[in-house]
Amino acid sequence: MMRWLIAIAGFAVFAASAHQETALKDLMPKGMVIGVALNQRQFDGVDAAAVDIITKQFSQISPENVLKFQPIHPAADRYAFEAADRFVQFGVDRRMQVVGHTLVWHSQTGAWVFQGTDGRPADRDMLLARMRDHIRTVVGRYKGRIHGWDVVNEAIDEDGSLRKSPWQVGIGDDYVAKAFEFAREADPDAELYYNDFNLEKPAKRAGVIKLVRDLQARNVRIDGIGNQGHWRLDTPTIDEIDTALVELHATGLKVMYTELDINLLPNIPRGADPSIANPYANGLPDEMQQQLARRYADVFRVFLKHRHAVTRVTLWGLSDADSWLNRGRLNYPLLWDRQRRPKPAFDAVVAALRNGK
Ligand code: XIL
């Protein structure tokens, strides 16, 4: 009996360590990198368990927040580079592909950016000057270290029209082209991306494709389309993901899944009954765990099917504890659990990658 127990325990340890030996980055097809978005506790090394996993598993990193306009450029005459520098260094030290996110967005951008003199909104010239200063300073600083930039984020509305963001209102429709031109000027060697979500919805996707084709027609440099990939268990369908991928790639650009996660919580109004709003407060039932694993496998199989179109897949966070999708509830959208243990979804991705080789 005792010998059996020792043998079983020994096998369990072996299995666990063998498990740890499997690295997603080694299983990805040629030309497709796998990455993760980092938070400050990770690139500062405070979350050592996470650092070990990130170092071992991934070949690319994105900054979850530190390179956004507000944190890096909090006032007109002040840049705050310390945290961003440490993020970039984390990737350089590990020879990872470092992506910059993001230069021009309506969100996480200080109100001062859009304010002019005498309490009036900033005019076109002032906004263009601020945009150019920001892009030149930030992109210029990391020249040679940041591989590619999300130059413009979320510029298209759900109906496919150009979002009436403060950038669009103040500058006009050519603000997108201007942002790409400034980025090109600041680092001619960096790849430049347009990034957005809900690209599986035909109207929105058509708007993005039109925007991209317009940039191409004007000879503005753009290298890739980032499809955020904030998805759910059943939506979008695999067919919708497939169709979107093919259509986006038909622009001639690289396609990237830049912020992948699978939201398991219901989309409910604020103040709803907690048992409905937060159904997995006491843990995720095994059945859901398996559904999540199947979903991740299906999603990775589409990426593999189009391996020549997809150049990158980035998870928006390492473990469930790190995810932006918790927001006061308990969500389970990623491949590692709150104790930083790989979930069945991790094994499912590994299996999909192995079988897809
Ligand atoms: C999110 C971060 O994960 C959060 O920590 C932050 O509070 C808000 O922004 N689309 C994007 C990302 O392009 O920058 C967002 O990241 C998620 C949605």
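None of the values given here were measured: they were computed from a predicted structure.

Definitions and cut-offs
Residues numbered from 1 in each chain as written. Predicted model: local features only at pLDDT ≥ 70, side-chain atom pairs only at ≥ 80, totals over all residues. Heavy atoms only, no water. Axes fitted to C-alpha atoms, helices over the stretch in contact; angles between N-to-C directions. Helix = DSSP H or I, 4+ residues; strand = E, 2+ residues; numbered from the N terminus. Parallel < 35°, antiparallel > 145°, perpendicular 65-115°, else oblique. Left-handed = near helix turned anticlockwise from the far one by under 90°. Contact = heavy atoms within 4.5 Å. Nonpolar A, V, L, I, M, F, W, Y, C, P; charged D, E, K, R; others polar. Expected span 1.5 Å × (residues − 1). Buried < 20%, exposed > 50% of the residue type's maximum accessible area, 1.4 Å probe, protein only. Near = heavy atom within 4 Å. Polar contact = N/O pair within 3.5 Å; in protein donor to acceptor, adjacent residues only side chain to side chain. Areas by Shrake-Rupley, 256 points an atom, 1.4 Å probe, with all protein chains shown as cover. 1 Å grid on protein atoms, 1.4 Å probe; cavity = no way out; pocket = protein on both sides within 12 Å on 5 of 7 lines; lining within 4 Å. Sits in = over half its atoms within 2 Å of the grid points. Pairing = 2+ DSSP bridges. Right-handed = clockwise from strand over helix to strand, strands pointing away. Core = buried A, V, L, I, M, F, W, Y, C linked by side-chain atoms within 4.5 Å. Points joined across faces, edges and corners; volume = space filled by probe spheres on them.

J.: How would you explain the packing of helix 13 (residues 286–305) against helix 14 (residues 344–356) if you had to name every residue and give the values?
T.: Running from N to C, helix 13 and helix 14 point in directions that differ by 30 degrees, and their axes come no closer than 8 Å. Judged on the interaxial angle alone, helix 14 and helix 13 are roughly parallel. For helix 13 against helix 14, the interelement crossing comes out right-handed. Residue-level inspection shows Gln-289, Gln-290, Leu-292, Ala-293, Tyr-296, Ala-297, Phe-300, Arg-301 and Leu-304 of helix 13 in contact with helix 14, the latter providing Pro-344, Ala-345, Ala-348, Val-349, Ala-352, Leu-353 and Gly-356. A class-by-class count of the residues in the contact of helix 13 with helix 14 yields 12 nonpolar, 3 polar and 1 charged.

J.: I'd like to hear about helix 10 (residues 202–217), residue by residue, with values.
T.: Its 16 residues place the ends of helix 10 22 Å apart at the C-alpha level, agreeing with the 22 Å of an ideal helix rising 1.5 Å per residue. Along helix 10, the positions that sit buried rather than exposed are Lys-204, Arg-205, Gly-207, Val-208, Ile-209, Leu-211, Val-212 and Leu-215. The secondary structure elements touched by the buried residues of helix 10 are helix 9 (175–186), strand 5 (191–196), strand 6 (224–227) and helix 11 (238–249). Once helix 10 finishes, Asn-219 follows within two positions and takes phi at roughly 60 degrees, a positive value.

J.: Give me the lowdown on the site of the ligand, citing residues and values where you can.
T.: Within the structure, the ligand sits among 13 residues, and Glu-64, Lys-68, His-101, Glu-259 and Trp-316 are positioned closest to it. Between the ligand and Asn-65 there is a distance of 2.9 Å, counted from an oxygen atom to a side-chain nitrogen or oxygen. For the ligand, an oxygen atom lies 2.8 Å from a polar atom in the side chain of Glu-259. Summarising the interface, the protein chains cover 78% of the accessible area of the ligand, which totals 420 Å² for the free molecule. Here the ligand occupies the largest pocket. Broken down by class, the residue content of the shell around the ligand amounts to 3 nonpolar, 6 polar and 4 charged.

J.: Could you give me a rundown of the pairing of strand 6, with the residues and numbers involved?
T.: Where burial is concerned, the two faces of strand 6 agree: the one with Gly-224 and Gly-226 and the one with Ile-225 and Asn-227 are both buried. Pairing between strand 5 and strand 6: 4 bridges, direction parallel. Bridging across to strand 6, Asn-195 finds its partner in Gly-226. Following the backbone out of strand 5, through helix 10 and into the adjacent parallel strand 6, one traces a crossover that is right-handed. With 4 bridges connecting them, strand 6 and strand 8 (residues 254–263) associate as parallel partners. By the bridge assignment for strand 8, Ile-225 is matched with Val-255.

J.: So, the nonpolar core: which residues are in play, and what are the values?
T.: Counting residues in each nonpolar core, the largest one holds 108 residues, and the members touching the most others are Trp-149, Tyr-296 and Phe-300. It is helix 13 that provides the largest number of residues to this core, a total of 10 residues. Setting aside its immediate chain neighbours within four residues, Trp-149 contacts Leu-67, Gly-100, His-101, Leu-103, Val-138, Val-139, Tyr-142, Ala-190, Glu-191, Leu-192 and Tyr-193.

J.: Just give me the short version of the layout of surface pockets, but keep the residues and values in it.
T.: Rolled over the atoms, a probe as big as a water molecule pinpoints where empty space is left. Its volume calculated, the largest pocket comes out at about 1,100 Å³. Surrounding the largest pocket, 39 residues form its lining, His-230, Asn-263, Trp-324, Leu-325 and Arg-327 being those nearest its centre. Counting only elements with at least two residues in the lining of the largest pocket, the list comes to strand 7 (230–232) and strand 8. Here the lining of the largest pocket is built from residues that sort into 12 nonpolar, 15 polar and 12 charged. Considering only enclosed or pocket space, the second largest pocket measures out at about 210 Å³ in volume. Lining the second largest pocket are 14 residues; nearest its centre among them are Leu-162, Asp-173, Lys-210, Leu-211 and Asp-214. Those elements giving two or more residues to the lining of the second largest pocket turn out to be helix 9 and helix 10. Broken down by element, the residue count for the lining of the second largest pocket peaks at 5 residues, all from helix 10.

J.: Give me empty space enclosed by the protein: which residues, what numbers.
T.: Taken as a whole and assessed by the stated rule, the structure comprises 2 cavities of 30 Å³ or more. In this structure, the second largest cavity encloses a volume near 30 Å³. Taken together, the elements giving at least two residues each to the lining of the second largest cavity come down to strand 3 (97–104) and strand 8. Counted by class, the lining of the second largest cavity contains 2 nonpolar, 3 polar and 3 charged residues.

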